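Report on the structure
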Amino acid sequence: MSSFSGMHSTDIAPRIGVYLVAKMLEHARPRAILEKFGRKQPLPKNKGLTLKYRRPVPLTINPQALQEGVTPAPSAIDYEDVNATIVQYGNWISLTDVIMETYEDPMLRDAAELLGEQAVGTKELVIWNEIRSGSQVIYSGTATQRNQVTATLSELELRQAQKELKKALGKQLTRQINATDKVATEPVAPAFLGFGNTSLEGDLRDLSGFVPREKYASGQLIDEMEIGKFEDIRFILSPMFEPFYGAGSASISGVESTNAAVDVHPLVILAADFFATTELAGMGSVAVKITNPMMGVHGDELGQRGNVAWKMWFVATRLNERWGVRIETAASAY
């Protein structure tokens, strides 16, 4: 006999004599933010699991006057590769025919909605975990490594991040990918972008050079979660951009902490083409499938089981380490 785990009628107690409000209570929903700010490169089907990004290495700029009648030695073109291996993510919820046909809650609709939201959140965290792992890092205050972080954000660290991006010839973002199934773009005001947890909002607003979004002279918001800007950096904050909990100093003074150690918040400042996302071409972003109970199916001859499932092929990859800077800082415990 095959094993089966999922949601059965015995898992849910029916509410006898209780009036069910027609409109369900609202719940927290993850939002897709990061993907539209990276390069999008699908992987063709039947071409393996690894995608190779390839770029030429810039030639050295070293002005040398030509000598009369002397032909200089030719330069060679070198290339560097960045590989990305695509992986699968997915989940499912099983429902019995009893639940789907007799219970007052719209289980099928709710299962599809919740799994869709989970897929969105999964993609967002995959990208976040990738971009917050870059090699360029600045620590707030006097810290020189993560477990020493105890200071909150200052203008000094933000200016240092801008300086590093500009030294690396990082370009400010001028376009973002439209939130549609097609890879189209739309223009945005040029800027470097800063991504971090919503816990950093108070510290950002406390900076003397911070300009809140409501005081922008003109131009649309890059994202509805954008809170404002500092010089050439526009900030987008989300509760999904998790910190390194309890990874900082054990010396705590007025900052957020976990298990008696400072929570270290990565504030990722990036230029254009810092990262890319890859999906399997022809598979769509996320595949969601609903299977209703059906009699006569092998293994479920009486049509007692159905399910809702999602699956996606996806990977996020940093393309140029110098075009992203991570500031590791504490967040004030207001």
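Just so it is clear, the model here is predicted, and its values are computed rather than measured.

1. Examining helix α3 (residues 155-167)
For α3, with 13 residues, the first-to-last C-alpha span of 18 Å sits near the 18 Å given by 1.5 Å per residue. What α3 keeps buried is the set Glu155, Glu157, Leu158, Ala161, Gln162, Glu164 and Leu165. Positive phi appears at leucine 169, one or two residues downstream of α3, with a value of about 60°.

2. Description of the environment of threonine 277
Here threonine 277 lies in strand β14 (residues 275-279). For the pair threonine 277 and phenylalanine 37, spaced 240 residues apart in sequence, the C-alpha to C-alpha distance is 9.7 Å. Ignoring sequence-local partners within four residues, the contact set of threonine 277 consists of Glu35, Arg39, Lys40, Gln41, Tyr53, Ile127, Phe314, Val315 and Ala316.

3. Examining the packing of aromatic side chains
All told, the structure shown has four aromatic pairs when counted by the stated rule. Taking the centre distance of 5.6 Å and the plane angle of 50° together, the rings of phenylalanine 37 and phenylalanine 195 count as tilted. Within this pair, whereas phenylalanine 37 is found in the segment before β1 (39-40), its partner phenylalanine 195 is found in strand β7 (residues 185-196), the two being separated by 158 residues in sequence. Across the pair, phenylalanine 195 and phenylalanine 37 agree in class, each one buried.

4. Let's talk about the pattern of salt bridges
Inspection of the entire model under this criterion finds 18 salt bridges. Between aspartate 273 and arginine 39 there is a salt bridge, and its shortest N-O distance comes to 3.3 Å. Separated by 234 residues along the polypeptide, aspartate 273 in the loop between β13 (265-270) and β14 and arginine 39 in strand β1 bring together distant segments of the chain. Classification of aspartate 273 as partly exposed rests on a relative accessible area of 30%. The class for arginine 39 is partly exposed, based on a relative accessible area of 37%. For the salt bridge of arginine 318 with glutamate 321, the shortest nitrogen-to-oxygen distance reads 2.8 Å.

5. So, the confidence of the model for the chain
In the predicted model, the chain carries a mean pLDDT of 82, and the fraction of residues at 70 or more is 82%. Counting contacts from residues 1-22, a segment whose pLDDT is below 50, to residues more than four positions away or on other chains yields 29 contacts.

6. A few points about the pairing of strand β9 (residues 226-230)
The buried count for β9 comes to four of five residues, which makes it a mostly enclosed element. In the sheet, strand β8 (residues 210-212) pairs with β9 via three bridges, with the strands oriented antiparallel. The residue of β9 that forms the bridge with proline 212 is glycine 228. For β9 and strand β10 (residues 233-237), the ladder comprises four bridges, and the chain directions are antiparallel. Considered in β10, the bridge of lysine 229 is made with arginine 234. Here β9 folds back onto β10, and the loop between the two strands holds two residues, one of which, glutamate 231, carries a positive phi near 50°.

7. Details of the nonpolar core
The nonpolar side chains of a soluble globular protein tend to be buried, and buried together. Membership of the largest hydrophobic core comes to 28 residues, with the highest contact counts inside it found for Phe37, Ile131, Phe195 and Leu270. With 21 residues, the next largest nonpolar core counts Leu207, Ile233, Ala271 and Val325 among its residues.

8. Quick notes on the environment of arginine 31
Along the chain, arginine 31 falls in the segment before β1. On the basis of relative accessibility, which here comes to 26%, the residue arginine 31 falls in the partly exposed class. Note: C-alpha distance between arginine 31 and glutamate 124 (93 residues apart in sequence) is 7.8 Å. Side chain to side chain, arginine 31 and aspartate 223 meet in a polar contact 3.4 Å long.

9. What to know about unusual backbone geometry
Phi is positive for glutamate 231, close to 50°, though the residue is something other than glycine. Among the residues examined, glutamate 231 registers a relative accessible area of 32% and is labelled partly exposed. Phi is positive for alanine 260, close to 65°, though the residue is something other than glycine. You can see alanine 260 is positioned in the loop between β11 (257-258) and β12 (261-262). Judged by relative accessible area, which is 54%, alanine 260 ranks as exposed.

10. Topic: the side chain of serine 249
With respect to the helices and strands, the residue serine 249 is situated in the loop between β10 and β11. Taking the relative accessible area as the measure of exposure, serine 249 reaches 13% and is therefore buried.

11. Focus on the environment of proline 42
When you line up the elements, proline 42 lands in the loop between β1 and β2 (50-56). Separated by 234 residues in the primary sequence, proline 42 and alanine 276 place their C-alpha atoms 9.9 Å from one another.

12. Observations regarding the side chain of threonine 317
With respect to the helices, strands and loops of the structure, threonine 317 is situated in strand β18 (residues 305-318). Of the residues examined, threonine 317 reaches a relative accessible area of 6% and is grouped as buried. If we ignore the near neighbours within four places in the chain, the residues touching threonine 317 are Val82, Asn83, Ala84, Glu130, Phe274, Phe275 and Ala276.

Criteria and thresholds
- Residues numbered from 1 in each chain as written.
- Predicted model: local features only at pLDDT ≥ 70, side-chain atom pairs only at ≥ 80, totals over all residues.
- Heavy atoms only, no water.
- Helix = DSSP H or I, 4+ residues; strand = E, 2+ residues; numbered from the N terminus.
- Expected span 1.5 Å × (residues − 1).
- Buried < 20%, exposed > 50% of the residue type's maximum accessible area, 1.4 Å probe, protein only.
- Contact = heavy atoms within 4.5 Å.
- Phe/Tyr/Trp six-rings, centres within 6.5 Å; stacked < 30°, edge-to-face > 60°.
- Salt bridge = Lys/Arg side-chain N within 4 Å of Asp/Glu carboxyl O.
- pLDDT = per-residue confidence, 0-100.
- Pairing = 2+ DSSP bridges.
- Core = buried A, V, L, I, M, F, W, Y, C linked by side-chain atoms within 4.5 Å.
- Polar contact = N/O pair within 3.5 Å; in protein donor to acceptor, adjacent residues only side chain to side chain.

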